[in-house]
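This is what each chain is made of:
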Amino acid sequence: MAKQNKLKVKASPAKKFFVSMLTRDIDLSDAILDLLDNCVDGIARAKKRGEDTSRSYKDYWARIVATPEKFEIWDNCGGIPKKVAIEYAFMLGRPNLETDSDIETVGMYGIGMKRAMFKLGQESNVRSQTDEISYDVTITKEWLNDDDNWDLSLQPSNATFEESGTKITVTDLHPAIARQFSEESTFLEDLEKEIATHYAIILGRGFSVSLNNQRIKPVDLAILAPRNLDSSSSIAPYIFVGQFDDVEVEVAVGFYRPLATEDEEDEMSKRSMKENAGWTVICNDRIVLYNDKSPKTGWGTGGVPGFHNQFIAIAGVVVFRSKNSLNLPLNTTKRGIDTSSEVYHIILPYMQTGLKKFTAFTNDWKKRPELTKEYFSELKLVPAHKLPAKLLKPNAGSKIRKHQDRGEGRFFAPELPKPARVEQRHRKICFVALRTEIQQVADHYFEDEPTMEELGRACFDDALEQARESH
Ligand SMILES: Nc1ncnc2c1ncn2[C@@H]1O[C@H](COP(=O)(O)OP(=O)(O)OP(=O)(O)O)[C@@H](O)[C@H]1O
Ligand SMILES: [Mg+2]
């Protein structure tokens, strides 16, 4: 057979097509959070270099400016080392998945920074400064339109920041993006809430993030707990701690407020005040699911009832940590969980066991939630993610017997008070009266509008006092 000349076939991606595909499936807010994730990963690397093993993020900041003219994110999180910039930071995709394998980061794919810049606009500049160098890498409209040239140049710069860090500036914003950064849109308010939620743990530990000069405050995450786990008559949370392969896991579930009374349940459904109930899942300090009430976190499956207003007082937290972010139960956007993750499968039944304790307690006391008040008065709100380490001392609790090939775990399951004991001493009084007369009595005892329960209680306390005095 005659020798044929081999001809080259073009198989490289068309840049414009590639960029538009890359940015299409990601929300603008997720793209911006990817940039903040890079800042936080930068802190983890800087702390590792400085051999700082604390969990504090104090003195680190990121400042975001978003206007119709430009987007900018500036941080003091260590900068991008020159070697990293030259070898892979600007590549589309990580050439080596082992990068950062000894640090708790969430960067995994090597795409976030570039995708965010492309999503935002047509001209970007990355200025970064490390101990060693200060430089700029610029992406222009011309580069974006040139299919053949995939290289960028790194330009040493004389401009210096006071501290090592990175400033990414994007101009020539796409019109749809500029609109979302304008006053016409509520996008920036929503972004602020997302940052307050997603980074609540990190903000709580001192990282300062501002959006258009406003410092963002973290959302609250707290569960009521006794001082220690010995007090048997108390409403202690269910706690689990374990390690499976290279993933550390901690779970705490309990009440964050007293049980809802019947009056409150109605009002809550109206005012949708159930925001604080549900499961929060944290991966390497990022909140990836906040107050979830769906089957994803065990509600309505495995013998646990579906979420209902009656369960408004229940909150739980699951903390995953790993130096290998690919083993965390994160979906590809990192803003949700991957329920098919192996470690999540291991942990979900324990979450459900804990959850059931509190749904059962709520059901047991459904008709007389007011009788549980004395139990709640002994408890204090504690940051939920700190509870497992604070309450379950090393080697305390019961050992799990399953999953021994994968790792080990210990748990504490509280014995929550049952109504029978209290019921012997209490009875419920209930009757119907004319609305006009109820109003008269309410005006007599209260300045504002009491609930029916409060009104009944006030009348009863008054009558009881008189009865006692007359004896
Ligand atoms: N603000 C920053 N501070 C320090 N280093 C940064 C910063 N932003 C980016 N980098 C460096 O650039 C690299 C590329 O960032 P990029 O977000 O594109 O990918 P990644 O974080 O590795 O993975 P992922 O796509 O999962 O986010 C990072 O791995 C990091 O080394
Ligand atoms: Mg990243």
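In the block above lies the structure referred to throughout.
Residues numbered from 1 in each chain as written. Chains lettered and ligands numbered in written order. Predicted model: local features only at pLDDT ≥ 70, side-chain atom pairs only at ≥ 80, totals over all residues. Heavy atoms only, no water.

1. Digging into a nonpolar patch on the surface
- On the surface, a nonpolar cluster with roughly 280 Å² of combined accessible area is contributed by L97, Y109 and L326.
- On the secondary structure map, L97 appears in the loop between α3 (82-89) and α4 (112-120).
- Judged by its relative accessible area of 54%, L97 is exposed. (Patch = residues over 30% accessible without salt bridge, like charges linked within 9 Å, V, L, I, M, F, W, Y side chains within 5 Å. Areas by Shrake-Rupley, 256 points an atom, 1.4 Å probe, with all protein chains shown as cover. Salt bridge = Lys/Arg side-chain N within 4 Å of Asp/Glu carboxyl O. Helix = DSSP H or I, 4+ residues; strand = E, 2+ residues; numbered from the N terminus. Buried < 20%, exposed > 50% of the residue type's maximum accessible area, 1.4 Å probe, protein only.)

2. Looking at helix α7 (residues 187-198)
- For α7, with 12 residues, the first-to-last C-alpha span of 16 Å sits near the 16 Å given by 1.5 Å per residue.
- Those residues of α7 that sit buried are F187, L188, L191, I195, A196, T197 and H198.
- Turning to α7, the residues buried within the fold contact α2 (28-49), β1 (61-66), α6 (175-180), α8 (200-204), β7 (208-211) and β13 (286-292). (Expected span 1.5 Å × (residues − 1). Contact = heavy atoms within 4.5 Å.)

3. A word on the packing of α2 against α4
- The N-to-C vectors of α2 and α4 enclose an angle of 140°; their axes lie 9 Å apart at closest approach. Accordingly, the angle class assigned to the pair α2 and α4 is oblique. You can see that α2 and α4 cross each other, and the crossing is left-handed. Between α2 and α4, the residues in contact are L28, A31, D34, L35 and N38 and G112, M113, R115, A116, K119 and L120, respectively.
- Classifying every residue of the contact of α2 with α4 by side-chain character gives six nonpolar, two polar and three charged. (Axes fitted to C-alpha atoms, helices over the stretch in contact; angles between N-to-C directions. Parallel < 35°, antiparallel > 145°, perpendicular 65-115°, else oblique. Left-handed = near helix turned anticlockwise from the far one by under 90°. Nonpolar A, V, L, I, M, F, W, Y, C, P; charged D, E, K, R; others polar.)

4. Thoughts on the pattern of salt bridges
- Tallying each qualifying case throughout the model produces 21 salt bridges.
- The residue D41 makes a salt bridge to R286 at a minimum N-O spacing of 2.9 Å. You can see D41 sitting in helix α2 and its partner R286 sitting in strand β13, a full 245 residues away along the chain.
- With relative accessibility at 1%, the residue D41 sits in the buried group.
- Where E104 meets R321, a salt bridge forms, and the shortest distance between an N and an O atom there is 2.9 Å. Pair noted here: E104 is in the loop between α3 and α4 and R321 is in strand β14 (residues 314-321), with a separation of 217 residues, a long-range link.
- Here R321 falls in the buried class, since its relative accessible area comes to 11%.
- One continuous salt-bridge network, built from bridges that share partners, spans D30, D34, D37, D41, R115, R286 and R335.

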